[in-house]
Amino acid sequence: MNVLAIDTSTNVLGVAVANEQGIIGEQITYTKRNHSVRAMPTVEALLKECGMKPADLNRIVVAKGPGSYTGVRIGVTIAKSLAWSLGIELVGISSLEALALNGRYFNGYVCPVFDARRGQLYTALFKAENGKITRIQDDQNVLAKDFADGLRRLDAPVLFVGSDASIHEETFKEALGDRAFLAPAPLHHARAGELAMLGMQRPAEEIHSFVPNYVRLAEAEAKWLEAQEKQREE
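Residues numbered from 1 in each chain as written. Predicted model: local features only at pLDDT ≥ 70, side-chain atom pairs only at ≥ 80, totals over all residues. Heavy atoms only, no water.

(A) Representation of the overall build of the chain in the model. Within the chain one finds seven helices and 10 strands. Counting only C-alpha atoms and orienting by the principal axes, one finds that the chain spans roughly 60 × 50 × 30 Å. Counting the 234 residues in the chain, one finds 48% classified as buried. Across the chain, the fraction of contacts at a sequence separation of at least 24, relative to all contacts at a separation of at least 6, is 65%. When the accessible surface of the chain is totalled, it reaches about 11900 Å², and 50% of it is carbon and sulfur. (Helix = DSSP H or I, 4+ residues; strand = E, 2+ residues; numbered from the N terminus. Buried < 20%, exposed > 50% of the residue type's maximum accessible area, 1.4 Å probe, protein only. Contact = heavy atoms within 4.5 Å. Areas by Shrake-Rupley, 256 points an atom, 1.4 Å probe, with all protein chains shown as cover.)

(B) Fine view of the sheet that holds strand 3 (residues 22-29). Spatial ordering of the open sheet is given by 3-2-1-4-5, a layout of five strands whose pairing is mixed. The open sheet is flanked by strand 3 and strand 5 (89-93), the only strands paired with a single partner. In this sheet, neighbouring strand axes are inclined to one another by 15° on average, regardless of whether the strands run parallel or antiparallel. Of the strand pairs in this sheet, strand 1 (residues 3-7) and strand 4 (residues 59-63) are connected by four bridges, and their pairing is parallel. If you follow Leu4 over to strand 4, its bridge partner there is Ile60. Against the sheet, helix 2 (residues 69-86) contacts strand 1, strand 4 and strand 5, and its axis sits at roughly 170° relative to strand 4. (Pairing = 2+ DSSP bridges. Axes fitted to C-alpha atoms, helices over the stretch in contact; angles between N-to-C directions.)

(C) Here's a closer look at the packing of helix 1 (residues 35-49) against helix 2. Put simply, helix 1 and helix 2 touch, their axes get as near as 10 Å, and they point 35° apart. Seen along the crossing, helix 1 lies across helix 2 with a hand that is right-handed. When helix 1 is examined against helix 2, the residues His35, Ser36, Ala39 and Met40 are found in contact with a partner set consisting of Gly71, Ile74, Ile78 and Leu82. Residues that form the contact of helix 1 with helix 2 fall into these classes: five nonpolar, three polar and no charged. (Left-handed = near helix turned anticlockwise from the far one by under 90°. Nonpolar A, V, L, I, M, F, W, Y, C, P; charged D, E, K, R; others polar.)

(D) Layout of the nonpolar core. In terms of nonpolar packing, the biggest core is built from 55 residues, with Leu4, Ile6, Leu57, Ile60, Val61, Leu90 and Leu195 touching the most fellow members. At eight residues, the largest contribution of residues to this core is made by helix 2. When neighbours within four sequence positions are excluded, Val61 is seen to be in contact with Val3, Leu4, Ala5, Ile6, Val91, Ile93, Leu195 and Gly199. If you look at the next biggest cluster of nonpolar residues, it comprises 19 residues, including Cys111, Leu154, Ala156 and Val158. (Core = buried A, V, L, I, M, F, W, Y, C linked by side-chain atoms within 4.5 Å.)

Right, here's the structure in full:
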């Protein structure tokens, strides 16, 4: 099975090609530039570099969120368009789960973190054991303090992964003390190659009904719905 993985859910652009034997090619760019302009040229260049054509692909795997609303939307749109036009399978993977994989050799719990502003974060909880991670809590949008307080009951150290984890470092350490650890910088971004390998293990999804997982509505959408509700009440 030849798999193309795409991750545009953060400022990082990740694209990879893999099969059952392993990762064939991978490109990750950490500069803050427009994914809508760079994603497809990156896909085309990587396939060419790997000596492959779109027709050689059997599955598209995409990081479906949460993360940047615009970034997630771009990645999902590209993935759905490619899967539909090529007549191949589509799989969506949580962006947080893909990031949590970087901590799978940690002895304890792993919390991937994306900042959601106003003291909030997107996160989830995983248990790392024997090089694998097991989901303990679903993806969520929560106040950093509330989430950190909820981790006090855990009986093992907690690794916080993600470039935004440092924003909430004081909150985490206040709640957990010396049981709170921040991953080193090289582990703060998900790898598209890992996303591809994980996506091989998951069942395919229905392309047309597949949607991003924003976890919460974008602020503009939330305000629009609120305005619509007020109009109905008047």
